Amino acid sequence: MQETLDIHSYTELFGGEKQYRLFPEVLKEVQEYITKHYASVLKDDPKKSRELIKSYIQKYLENSHLGVEDMEQEELCELLYGEMTGFSFLTKYLYRDDVEEININQWKDVKITYSTGEILPCKEHFNSPQHAIDVIRRMLHKSGMIFDSAQTIVVGHLSNKIRITVMGDGVIDKDKGLSASIRIVNPRKLTKQQFVEYGTATAEMLDLLSACYCHGVSMCITGATSSGKTTLMSWILGQVPYHRRIVTLEQGCREFDLTIEDEYGKVLNNVVHLVTRFSDDPKQNITLVKLLETTLTINPDCVAVAEMKGAESMQAINAANTGHAVITTIHANSCADTYYRMVTLCKQSYDMDDATLIGLATKAFPIVAFAKKLEDNSRRLMEISECEYLSDATQAGERRYRMRTLFRFHITDNQIIDGRAKIIGYYEKVEVPSEGLLKRLRENGMSFQMQQKLFGI
């Protein structure tokens, strides 16, 4: 009897017993209430209305005595807010600076890739296959892309630096909902010191790359996805003197953010960021090829092509061979393979023989840096090479270039420490640049004293 009285006293004091329901049911009820009474607030700037909407949600939960089992009130409010105004539980991962990728294998299997290289399962998941589809549709809507039964493979973006690739019904089993990869590009701007501390490269290697590019030598950073190509490329572009004009060209969404402002908002450097635009009307479609052609008419000193994937490869090679400092990335397995990959891409759109294309590619990009993500998830610059053009190779069939390795990472051991792989190795300076490259750098303004300091000649 006493126990019953205590419960009644509690009920009277707090206005009723808490009703625990499933999250989808609570979401539906709260969503209907907020939409009915505070629709105007939902349309406001999210940054300004966030706390206000959350207070309305919390007040409704308290007055209605609603809750979800094993979930704190604050956590429930945050999740409800995310469902109503954002992208469910994904919201809290999208804007963190230590998250690189969100991989949705199916509606109840989500993996998070962190900047440390760790890939961890997400403790949350979608409520159903349809819930996953609804959330991703909202994300794709930001870039004007439609994801439905007619378009089951869609590539879009949420904002600058967040790319989305989605596969749905017909490509993946219907009961799985969808499969998606959300790539958060270059969440951190690494400094030279951080590259060195993380073991990505030595200070000497970074100095070589930045000095060569700043003195007009085009280069290509090669490697697989997530090997750190874009992050390194962004750092190199950040070393370009402010007076030189940089034009970046990217596919679909912008990854680079190179503009530097002072404390008063005045722009200090000279940067133009360009992005392709897809259209069903071929006349309105703006490709990387079109952007490159246009870029060369606006007097750029430095041109950054985010990635060579197709016909733009030939345009980038031509730009580099006409005196522009071009930096780009490509997917290849080594420094030497980079040039064969360029040839393969060029031949998709241009009917030229391999020897001619190899000659153009090696002259265009004399410096190649090969980045790799190793077994222990560390990122290393495995090799920096110069492709030296041999002008004295006159006989038919004689190779007109040779690969000159400037730096190389040597793996000496692969250990298992606390159940995790650990790669042991060291960087070695192998050769100095060719006399032809040194001469070109001097002609572009690099002093002999600087060459002595950089290359030890």
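In case you missed it, the structure is sitting above this.
Computed from a predicted structure; not experimentally measured. (Residues numbered from 1 in each chain as written. Predicted model: local features only at pLDDT ≥ 70, side-chain atom pairs only at ≥ 80, totals over all residues. Heavy atoms only, no water.)

**Student:** Can you help me understand the overall build of the protein chain in this one?
**Tutor:** Helices and strands together make up the secondary structure of the protein chain, namely 15 helices and 17 strands. Going through the 457 residues of the protein chain one by one, you find that 45% of them count as buried. If you take every contact in the protein chain between residues at least 6 apart in sequence, the share linking residues at least 24 apart comes to 56%. Counting every atom, the protein chain has about 23900 Å² of accessible surface; 49% of that belongs to carbon and sulfur. Averaging the coordinates of the 54 positive side-chain charges in the protein chain and doing the same for the 62 negative ones gives two points 5 Å apart. (Helix = DSSP H or I, 4+ residues; strand = E, 2+ residues; numbered from the N terminus. Buried < 20%, exposed > 50% of the residue type's maximum accessible area, 1.4 Å probe, protein only. Contact = heavy atoms within 4.5 Å. Areas by Shrake-Rupley, 256 points an atom, 1.4 Å probe, with all protein chains shown as cover. Lys, Arg positive; Asp, Glu negative; His and termini not counted. Charge placed at Lys NZ, Arg CZ, Asp CG, Glu CD.)

**Student:** Would you take a moment to explain the pattern of salt bridges for this structure?
**Tutor:** Here the structure, examined in full by the defined rule, presents 20 salt bridges. A salt bridge links Arg 21 to Glu 29; the nearest nitrogen and oxygen atoms lie 2.5 Å apart. On the basis of relative accessibility, which here comes to 29%, the residue Arg 21 falls in the partly exposed class. Note that Asp 207 is salt-bridged to Lys 192, the shortest N-O span being 2.7 Å. Of this pair, Asp 207 sits in helix α8 (residues 203–214) while Lys 192 sits in helix α7 (residues 192–197), and the two are 15 residues apart along the sequence. Residue classification places Asp 207 among the partly exposed residues on the basis of a relative accessible area of 25%. Three or more residues are tied together by salt bridges with common partners; here these are Glu 386, Glu 388, Arg 402, Arg 404 and Glu 431. (Salt bridge = Lys/Arg side-chain N within 4 Å of Asp/Glu carboxyl O.)

**Student:** It is not clear to me how the state of the cysteines should be interpreted in this structure. Could you clarify?
**Tutor:** Put plainly, a disulfide is one covalent bond tying together the sulfur atoms of two cysteines. Considering all chains together, one arrives at 0 disulfides under this definition. Considering cysteine sulfurs only, Cys 122 is the nearest to Cys 77, which forms no disulfide, with 20 Å between them. On the basis of relative accessible area, Cys 77 is assigned to the buried category, the value being 3%. Between Cys 214, a cysteine without a disulfide, and Cys 302, which holds the nearest cysteine sulfur, the sulfur-to-sulfur distance is 7.0 Å. For Cys 214, a relative accessible area of 15% gives the class buried. (Disulfide = S-S within 2.5 Å.)

**Student:** Honestly, the side chain of Arg 254 in this entry has me stumped. Any pointers?
**Tutor:** Residue position: Arg 254 is located in the loop between β10 (245–250) and β11 (270–275). A distance of 2.6 Å separates a polar atom in the side chain of Arg 254 from the backbone oxygen of Phe 256. Beyond its immediate stretch of four places on either side in the chain, Arg 254 contacts Asn 160, Lys 161, His 273 and Val 275. (Polar contact = N/O pair within 3.5 Å; in protein donor to acceptor, adjacent residues only side chain to side chain.)

**Student:** Teacher, can you tell me more about the side chain of Ser 227 here?
**Tutor:** Following the sequence through the fold, Ser 227 ends up in the loop between β9 (219–222) and α9 (229–237). A polar atom in the side chain of Ser 227 sits 2.7 Å from the backbone oxygen of Ala 224.

**Student:** Would you mind showing me how to read a nonpolar patch on the surface here?
**Tutor:** The grouping of Ile 153, Met 167 and Val 171 at the surface amounts to a nonpolar patch, some 250 Å² of accessible area in total. Tracing the chain through its elements places Val 171 in the loop between β7 (162–167) and β8 (179–184). Using a relative accessible area of 45% as the deciding quantity, one classes Val 171 as partly exposed. (Patch = residues over 30% accessible without salt bridge, like charges linked within 9 Å, V, L, I, M, F, W, Y side chains within 5 Å.)

**Student:** Explain helix α6 (residues 129–141) to me, please; I cannot follow it from the model alone.
**Tutor:** Over its 13 residues, α6 runs 18 Å from end to end, which matches the ideal 18 Å to within 8%, given 1.5 Å per residue. Along α6, the positions that sit buried rather than exposed are His 131, Ala 132, Ile 133, Val 135, Ile 136, Met 139 and Leu 140. Looking at the buried positions of α6, the neighbouring elements they touch are α4 (73–85), α5 (91–94), β3 (99–106), β6 (153–159), β7 and β8. (Expected span 1.5 Å × (residues − 1).)

**Student:** I keep staring at the nonpolar core and nothing clicks. Help me out?
**Tutor:** Considering soluble globular proteins, one finds that nonpolar side chains tend to be buried as a cluster. Grouped together as the largest cluster of nonpolar side chains are 42 residues, with contacts concentrated most on Leu 209, Tyr 213, Ile 236, Leu 237, Ile 327, Leu 381 and Ile 384. Per-element tally for this core: the top contributor is α8, with 8 residues. Listed in part, the 36 residues of the second largest apolar core include Val 247, Leu 249, Ala 332 and Val 343. (Core = buried A, V, L, I, M, F, W, Y, C linked by side-chain atoms within 4.5 Å.)

**Student:** What is the right way to look at the sheet that holds strand β13 (residues 325–330) in this model?
**Tutor:** Pairing between the strands of a sheet comes from backbone hydrogen bonds, and it takes one of two forms, parallel or antiparallel. As summarised here, the arrangement of the 9 strands in space is β11-β10-β12-β13-β9-β14-β15-β16-β17, forming an open sheet in which the pairing is mixed. Strand pairing shows two members of the sheet lacking a second neighbour, β11 and β17 (420–429), which therefore form its edges. Direction aside, neighbouring strands of the sheet carry axes that sit 20° apart on average. Where strand β16 (residues 401–417) and β17 come together, 10 bridges link them in antiparallel fashion. The partner of Ile 417 across the bridge, within β17, is Arg 420. (Pairing = 2+ DSSP bridges. Axes fitted to C-alpha atoms, helices over the stretch in contact; angles between N-to-C directions.)

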